2 protein chains.
Amino acid sequence: STVKSDNEGGKYIDLSNKRRATVREFKGVTFLDIREFYTKDGEHLPGKKGISLSLEQWQILKQHVDTIDSLFAKKK
Amino acid sequence: STVKSDNEGGKYIDLSNKRRATVREFKGVTFLDIREFYTKDGEHLPGKKGISLSLEQWQILKQHVDTIDSLFAKKK
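Since the model is a prediction, treat every value here as computed from it, not as a measurement. (Residues numbered from 1 in each chain as written. Chains lettered and ligands numbered in written order. Predicted model: local features only at pLDDT ≥ 70, side-chain atom pairs only at ≥ 80, totals over all residues. Heavy atoms only, no water.)

Visitor: How would you explain the relation of the copies chain A and chain B if you had to name every residue and give the values?
Guide: Turning chain A through 180 degrees and shifting it by 0.0 Å along the axis lays it on chain B, with an RMSD of 0.0 Å. The superposition operator between the copies reduces to a two-fold rotation axis. When C-alpha distances to the rotation axis are compared across chain A, the minimum falls at A:Gly50, with a value of 2.4 Å. In this assembly, 100% of the residues forming the interface of chain A have copies in chain B that are likewise at the interface, indicating an isologous arrangement. (Least-squares fit on C-alpha atoms with pLDDT ≥ 70 in both. Contact = heavy atoms within 4.5 Å.)

Visitor: I'd like to hear about helix H2 (residues 65-75) of chain B, residue by residue, with values.
Guide: Residue and element names in this part refer to chain B. Restricting attention to buried positions, one finds in H2 the residues Val 65, Ile 68, Leu 71 and Phe 72. Down the axis of H2, the buried side of the element spans an arc of 125 degrees, and every buried residue falls inside it. The outward face of H2, more than 90 degrees from its buried face, is lined by the exposed residues Asp 66 and Lys 74. (Buried < 20%, exposed > 50% of the residue type's maximum accessible area, 1.4 Å probe, protein only. Helix = DSSP H or I, 4+ residues; strand = E, 2+ residues; numbered from the N terminus. Arc of directions from axis to C-beta.)

Visitor: Report on the packing of aromatic side chains, specifying residues and quantitative values.
Guide: One pass over the structure, following the stated rule, counts zero aromatic pairs over all chains. Cation over ring: A:Arg20 sits above A:Phe37, and NZ or CZ is 4.2 Å from the ring centre. (Phe/Tyr/Trp six-rings, centres within 6.5 Å; stacked < 30°, edge-to-face > 60°. Lys NZ or Arg CZ within 6 Å of the ring centre and 35° of its normal.)

Visitor: Explain the environment of B:Lys40 residue by residue, including any values.
Guide: Tracing the backbone through its elements, the reader meets B:Lys40 in strand S4 (residues 29-40). Separated by 17 residues in the primary sequence, B:Lys40 and B:Gln57 place their C-alpha atoms 31 Å from one another.

Visitor: Run through the interface of chain A and chain B, naming residues and quoting values.
Guide: Between chain A and chain B, the residue contacts involve 39 residues of the former and 39 residues of the latter. Carbon and sulfur atoms supply 74% of the area buried between chain A and chain B, which totals about 3700 Å² over both sides. Taken together, chain A and chain B are joined by two salt bridges. Salt-bridge contacts for A:Lys62 lead to B:Asp69; the nearest nitrogen and oxygen are separated by 2.8 Å. (Buried area = accessible area lost by both parts, 1.4 Å probe. Salt bridge = Lys/Arg side-chain N within 4 Å of Asp/Glu carboxyl O.)

Visitor: Give me unusual backbone geometry: which residues, what numbers.
Guide: Residues and elements named next belong to chain A. Positive phi, close to 50 degrees, is recorded for Lys 27, a residue that is not glycine. Note that Lys 27 resides in the loop between strand S3 (19-26) and strand S4 (29-40). A residue is classified by how much of its surface remains accessible, and Lys 27, at 75% relative accessible area, is exposed.

Visitor: Please give an account of the environment of A:Gly42 that cites residues and values.
Guide: With respect to the element layout, A:Gly42 can be found in the loop between S4 and strand S5 (43-54). Along the backbone, A:Gly42 and A:Phe26 are 16 residues apart, and their C-alpha atoms lie at a distance of 25 Å.

Right, here's the structure in full:
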């Protein structure tokens, strides 16, 4: 599996060597956090660049996968 | 269509009433910007919360739609 675990109970996939998509629970609510990380003293720490999507927001994004793909294709 | 246009040539879908997923070209490269907006003097302006994904990062996220769904399902 490409799913990894962080130290806070989150499960994530790597989007690049310093970006992660993490499913994480916070105050009883589950979010998808898409975020850049930086390394300090060998530790990977969350940076400022990022956003935590609610399940509902993730579902809307997911519903528009084909739309987003076609927008990328038009721009190229 | 649910695709809207912003004033900078970006095309976006609403993820909530103040969050957008925008496909935008910047310096000749196309990104997916997932971002929170705020309103000032009737204008919608991009906030700090957000991240711009490259096409490659978007493709990786897209490949893991089912994985992310199952991680959400496990957390509930």
